[in-house]
Amino acid sequence: MKEGGPQAARELLDGARRVAVLTGAGMSAESGVPTFRDAQTGLWSQFDAVQLASPEGFRADPALVWRWYAWRREMVAKAAPNEGHRALARAQAEGRFESLHVVTQNVDGLHQRAGSADVIELHGNIVRSRCLAECGVAYAQPQDLPSGEPPRCPACGDWLRPDVVWFGELLDPDSLRAAEETCAGADVLLVVGTSGLVYPAAALPTAARRAGVRVIIVNPHLSEIDPAAHLVVRGTAARVLPALLGGEPESPAR
Ligand code: APR
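Small disclaimer: the values here were computed from a predicted structure and weren't measured.

S.K.: Explain the sheet that holds strand β4 (residues 120–121) here, please?
M.R.: Each strand in a sheet pairs with another by means of backbone hydrogen bonds, the pair being arranged parallel or else antiparallel. Strand order in this open sheet of seven strands is β1-β10-β9-β8-β2-β3-β4, and the pairing throughout is parallel. Here the strands that pair on one side only, and so sit at the sheet edges, are β1 (2–3) and β4. Across five bridges, the pairing between strand β8 (residues 188–192) and strand β9 (residues 214–218) is parallel. The partner of V191 across the bridge, within β9, is I217. Across the face of the sheet, helix α1 (residues 6–14) comes into contact with β2 (18–23), β8, β9 and β10 (231–233) while running at roughly 135° to β10.

S.K.: Explanation requested: the site of the ligand in the structure shown.
M.R.: The full set close to the ligand counts 21 residues, and A25, F36, T194, S195 and N219 are the nearest of them. Residue E30 places a side-chain N or O atom 2.8 Å away from a nitrogen atom belonging to the ligand. In the environment of the ligand, an oxygen atom lies 2.8 Å from a nitrogen or oxygen atom belonging to the side chain of N219. Isolated, the ligand exposes 740 Å² of accessible area, and the fraction of that covered by the protein chains is 90%. Here the residues of the shell around the ligand are counted per class, giving eight nonpolar, 11 polar and two charged. A domain split of the shell around the ligand shows at least three residues from each of domain 1 (2–32 + 81–123 + 171–245) and domain 2 (36–78 + 127–164).

S.K.: Sorry if this is basic, but what is going on with the sheet that holds strand β6 (residues 138–139) here?
M.R.: Read across the sheet, three strands follow the order β6-β5-β7 without closing on themselves; strand pairing throughout is antiparallel. A single partner strand is all that each edge strand has here, and the edge strands are β6 and β7 (160–164). Bridge count for strand β5 (residues 124–131) against β7 is five bridges, and the pairing is antiparallel. Residue R130 lies in a different strand from β7, and its bridge partner there is R161.

S.K.: Teacher, can you tell me more about the environment of W71 here?
M.R.: Among the structural elements, W71 can be located in helix α5 (residues 62–78). With relative accessibility at 39%, the residue W71 sits in the partly exposed group. The sequence separation of W71 and C183 amounts to 112 residues, and the corresponding C-alpha distance is 33 Å. Once you skip the residues sitting within four places of it in the chain, W71 turns out to touch L43 and F47.

S.K.: How should the packing of aromatic side chains be read in this particular structure?
M.R.: Here a ring pair, both rings aromatic, is described through the centre-centre distance and the interplanar angle of the planes. Overall, the coordinates contain eight aromatic pairs when judged by the stated rule. With 5.2 Å between their ring centres and 35° between their planes, F36 and W44 make a pair best called tilted. Among the aromatic side chains, those forming a connected cluster through ring pairs are F36, W44, F47, F58, W68, Y69, W71, W166 and F167. When the ring centre of W159 is taken as origin, the NZ or CZ atom of R152, which lies over that ring, is 3.6 Å away.

S.K.: For this particular structure, what's the right way to read the layout of surface pockets?
M.R.: To locate leftover empty space, one rolls a probe as large as a water molecule over the atoms. Taken as a whole, the second largest pocket encloses approximately 220 Å³ of empty space. Forming the boundary of the second largest pocket are 14 residues, of which R130, D163, V165, L171 and D172 lie nearest the centre. Among the elements that make up the lining of the second largest pocket, the one with the highest residue count is β5 (three residues). In terms of residue class, the lining of the second largest pocket is made up of four nonpolar, three polar and seven charged. Counting residues domain by domain, the lining of the second largest pocket receives three or more from each of domain 1 (2–32 + 81–123 + 171–245) and domain 2 (36–78 + 127–164).

S.K.: I keep staring at the pattern of salt bridges and nothing clicks. Help me out?
M.R.: Opposite charge on two side chains permits them to pair, given that their charged atoms come into close proximity. For the structure on display, the rule yields 11 salt bridges. The shortest N-O distance in the salt bridge between E98 and R17 comes to 3.1 Å. You can see E98 sitting in the loop between α6 (83–93) and β3 (99–104) and its partner R17 sitting in the loop between α1 and β2, a full 81 residues away along the chain. Owing to a relative accessible area of 57%, E98 belongs among the exposed residues under this scheme. By relative accessible area, which is 42% here, R17 ends up partly exposed. For K78, the salt bridge goes to E74, with nearest N and O atoms at 3.6 Å. Placement of the pair is K78 and E74 together in helix α5, with a separation of four residues, close to one helical turn. Where salt bridges share partners, they join E121, R128, R130 and D163 into one cluster.

Reading guide: rules and limits
- Residues numbered from 1 in each chain as written.
- Predicted model: local features only at pLDDT ≥ 70, side-chain atom pairs only at ≥ 80, totals over all residues.
- Heavy atoms only, no water.
- Pairing = 2+ DSSP bridges.
- Helix = DSSP H or I, 4+ residues; strand = E, 2+ residues; numbered from the N terminus.
- Contact = heavy atoms within 4.5 Å.
- Axes fitted to C-alpha atoms, helices over the stretch in contact; angles between N-to-C directions.
- Near = heavy atom within 4 Å.
- Polar contact = N/O pair within 3.5 Å; in protein donor to acceptor, adjacent residues only side chain to side chain.
- Areas by Shrake-Rupley, 256 points an atom, 1.4 Å probe, with all protein chains shown as cover.
- Nonpolar A, V, L, I, M, F, W, Y, C, P; charged D, E, K, R; others polar.
- Domains from an automatic or database assignment.
- Buried < 20%, exposed > 50% of the residue type's maximum accessible area, 1.4 Å probe, protein only.
- Phe/Tyr/Trp six-rings, centres within 6.5 Å; stacked < 30°, edge-to-face > 60°.
- Lys NZ or Arg CZ within 6 Å of the ring centre and 35° of its normal.
- 1 Å grid on protein atoms, 1.4 Å probe; cavity = no way out; pocket = protein on both sides within 12 Å on 5 of 7 lines; lining within 4 Å.
- Points joined across faces, edges and corners; volume = space filled by probe spheres on them.
- Salt bridge = Lys/Arg side-chain N within 4 Å of Asp/Glu carboxyl O.

This is the structure we're talking about:
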């Protein structure tokens, strides 16, 4: 692993045909959506992860959990994609590479709102809900009740829950398989804004590197998965991604 600037990363990207991008909470930090593990501002420094993001926590106090997700939904609705999200969407739309696929751990939908297509959402989406009893019912956007309690599933009467992956739950196997294939099948994997602490997503960069993929990490801080990277660019998503993926760098003045 070595550290370098956007220029070194551009050189790695230069000959790439297939590019995969794995994003985490840091991708949305500059959109005003808090990360999880930042010691000062991260959600898990302010709230109890197991109480708010686990099946047990939901069963214990559905209204508390539902209100917390309602608050996060509102925050996400007010947020806008940042320059990093937009640079990824633009590179895909303009066909900068033969393929560019985004795999995200984020549940905020900001990649899609920026215009990225076919995003693989490993941890679900905060806007959607589904039946806790798994009766197969899914809802695009449920109505919040004045009581703060989750709405009931019209099919079976159990609670609706956010359509996200909670601690202790398995990822959707199809999404995980697609993510593994996308990351390991790329020429270059860009890993943006993830601490690399939550599995199985955290295993994707190492598996990709083992498969011969060049791995570039974009993160202003050290992360657990730095050793998996060929190159680490220490910077933020909104600043570094446009520099990596934008058009040709300005030619030097003649
Ligand atoms: N640009 C890029 N990276 C940033 C930025 C930024 N502007 N700001 C912070 N980061 C980095 C941090 O240095 C950190 O490494 O983003 C990372 C965020 O890490 P986490 O908060 O742990 O988020 P993430 O890795 O996405 O967490 C994985 O854990 O709680 C669960 O389900 C939740 O999907 C989440 C999963």
